[in-house]
Amino acid sequence: MTTPIGRFAPTPSGRMHLGNVFSFLIAWLSAKSRNGQILLRMEDLDTQRTSEEYAQVLREDLQWLGLTWDWESQPQSRRSEAYSRYFDRLRDMDLLYPCYCTRSQLHNVNAPHRSDGTYVYPGTCRHLTQIPQRDPAWRVMVPEKTWSFTDLLQGQYTEDLAADCGDFVVRRADGVYVYQLAVTVDDGESGVTEVVRGVDLLSSAPRQMYLQELFGFAHPQYGHVPLLLAPDGRRLSKRDKDLDLGQLRQHISAPQLIGSLAHTAGLLDRFEPISAAELATEFSWEKLKKDDIYLNAAELVR
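Rules of the game
Residues numbered from 1 in each chain as written. Predicted model: local features only at pLDDT ≥ 70, side-chain atom pairs only at ≥ 80, totals over all residues. Heavy atoms only, no water. Salt bridge = Lys/Arg side-chain N within 4 Å of Asp/Glu carboxyl O. Helix = DSSP H or I, 4+ residues; strand = E, 2+ residues; numbered from the N terminus. Buried < 20%, exposed > 50% of the residue type's maximum accessible area, 1.4 Å probe, protein only. Pairing = 2+ DSSP bridges. Contact = heavy atoms within 4.5 Å. Axes fitted to C-alpha atoms, helices over the stretch in contact; angles between N-to-C directions. Parallel < 35°, antiparallel > 145°, perpendicular 65-115°, else oblique. Nonpolar A, V, L, I, M, F, W, Y, C, P; charged D, E, K, R; others polar. 1 Å grid on protein atoms, 1.4 Å probe; cavity = no way out; pocket = protein on both sides within 12 Å on 5 of 7 lines; lining within 4 Å. Points joined across faces, edges and corners; volume = space filled by probe spheres on them.

A. Layout of the pattern of salt bridges. Under the counting rule described, the total for this entry stands at 18 salt bridges. For arginine 15, the salt bridge is made with aspartate 61, and the minimal N-O distance between the two is 2.6 Å. Taken together, the residues arginine 15 in the loop between strand 1 (5-8) and helix 1 (18-32) and aspartate 61 in helix 2 (residues 52-65) connect sequence positions 46 residues apart. In this structure aspartate 61 comes out as buried when scored by relative accessible area, which is 0%. Taken together, the salt bridges that share partners define one network made up of Arg7, Arg41, Glu43, Arg79, Arg85, Asp186, Asp187 and Glu189.

This is the structure in structure tokens:
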């Protein structure tokens, strides 16, 4: 039987907020409940916003929580050569083309949009004849094909990439490789078998599955967990300092925090302080809530 390999993939751009903690906790529990392993990878593609100082704080916070990892891979900022190799493979397949669309053009109200408001790229630059005098982004052409998989929590998810997404960017105009390409290469080369993250990234899975097939990687299992929201419905964010670990560690112990999250998410019938290792023996995807979870500080600091 293959050893499960999950991963933590934080962006070291600030202190973790509770939504980050929750997704990392579920990723850890899912892998460790089956004697699996956890990889830690710093997703620092945006070097203007990220730093090694933040990365070290993330490591310390994860250790405080008891969310250990088995090994740490190279950060994405040092992986440009690997991403270039796979970018060249897409070029060799004649699947890439330059895109000169501006941000305002991409969000034009006349363009097709998904139900969540994000635009569907209409292929504007796929057959461009006049080349603007500026550096382009690069898009990969997608086929008219439906992608379907069974999410560990959300169940069946289906998407037609051509109709629901369109050709998507794999390298920005400034030469930086984007999330979809980087995470596919990193997970594939690291042998990750299970990807657990927030449900806001559910629609990314078909794009990554498409790239996985092009690159010859196996599809991992996906588990998209509910978002943690503030009482007024806002998503927790690093920018707003919502329930970040810097504040929480002054008022609560790691077992109290994990117990509160586990109870709120449906993993425990009642609140009780518990370590991550103890909770792993109780973990089941069937217990976990699917819908967004509303939190406030008073509920956590008991």
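B. Spatial organisation of the sheet that holds strand 3 (residues 71-72). Ordered in space as 1-2-3, the 3 strands form an open sheet in which the pairing is parallel. Both outer strands of the open sheet, strand 1 and strand 3, are each paired with one neighbouring strand and no more. Sheet topology places strand 2 (residues 37-40) next to strand 3; 2 bridges connect them, and they run parallel. Residue leucine 39 lies in a different strand from strand 3, and its bridge partner there is tryptophan 71. The sheet strands contacting helix 1 are strand 1 and strand 2, and the helix crosses strand 2 at an angle near 145 degrees.

C. Structural view of the sheet that holds strand 4 (residues 96-99). Reading across the sheet, the 3 strands line up as 4-5-8 and stay open at both edges, with antiparallel pairing between neighbours. The two strands at the open ends of the sheet, each matched to only one other strand, are strand 4 and strand 8 (168-171). For this sheet the average axis-to-axis angle between neighbouring strands, irrespective of direction, equals 45 degrees.

D. Just the packing of helix 1 against helix 9 (residues 254-265), in detail. The N-to-C vectors of helix 1 and helix 9 enclose an angle of 80 degrees; their axes lie 11 Å apart at closest approach. By the angle between their axes, helix 1 is roughly perpendicular relative to helix 9. Residues Leu18, Val21, Phe22 and Leu25 of helix 1 form the contact with helix 9, whose own contacting residues are Leu257, Ile258, Leu261 and Ala265. When the residues that make up the contact of helix 1 with helix 9 are grouped by side-chain class, the tally is 8 nonpolar, no polar and no charged.

E. Summary view of the layout of surface pockets. Size it by volume and the second largest pocket reaches roughly 160 Å³. Along its surface, the second largest pocket is lined by Pro12, Met42, Asp44, Thr47, Thr50, Ser51, Glu52, Ala55, Arg59, Glu72, Pro75 and Arg78. With 3 residues, helix 2 is the largest single contributor of residues to the lining of the second largest pocket. Along the lines of polarity and charge, the residues of the lining of the second largest pocket split into 4 nonpolar, 3 polar and 5 charged.

F. Just unusual backbone geometry, in detail. A positive phi angle, close to 60 degrees, is found at asparagine 35, a residue other than glycine. Residue asparagine 35 is classed as exposed on the basis of its relative accessible area, which comes to 69%. Positioned with a positive phi, aspartate 94 is a non-glycine residue whose angle comes to about 60 degrees. Along the chain, the position of aspartate 94 falls in the loop between helix 3 (80-92) and strand 4. On the basis of relative accessibility, which here comes to 61%, the residue aspartate 94 falls in the exposed class.

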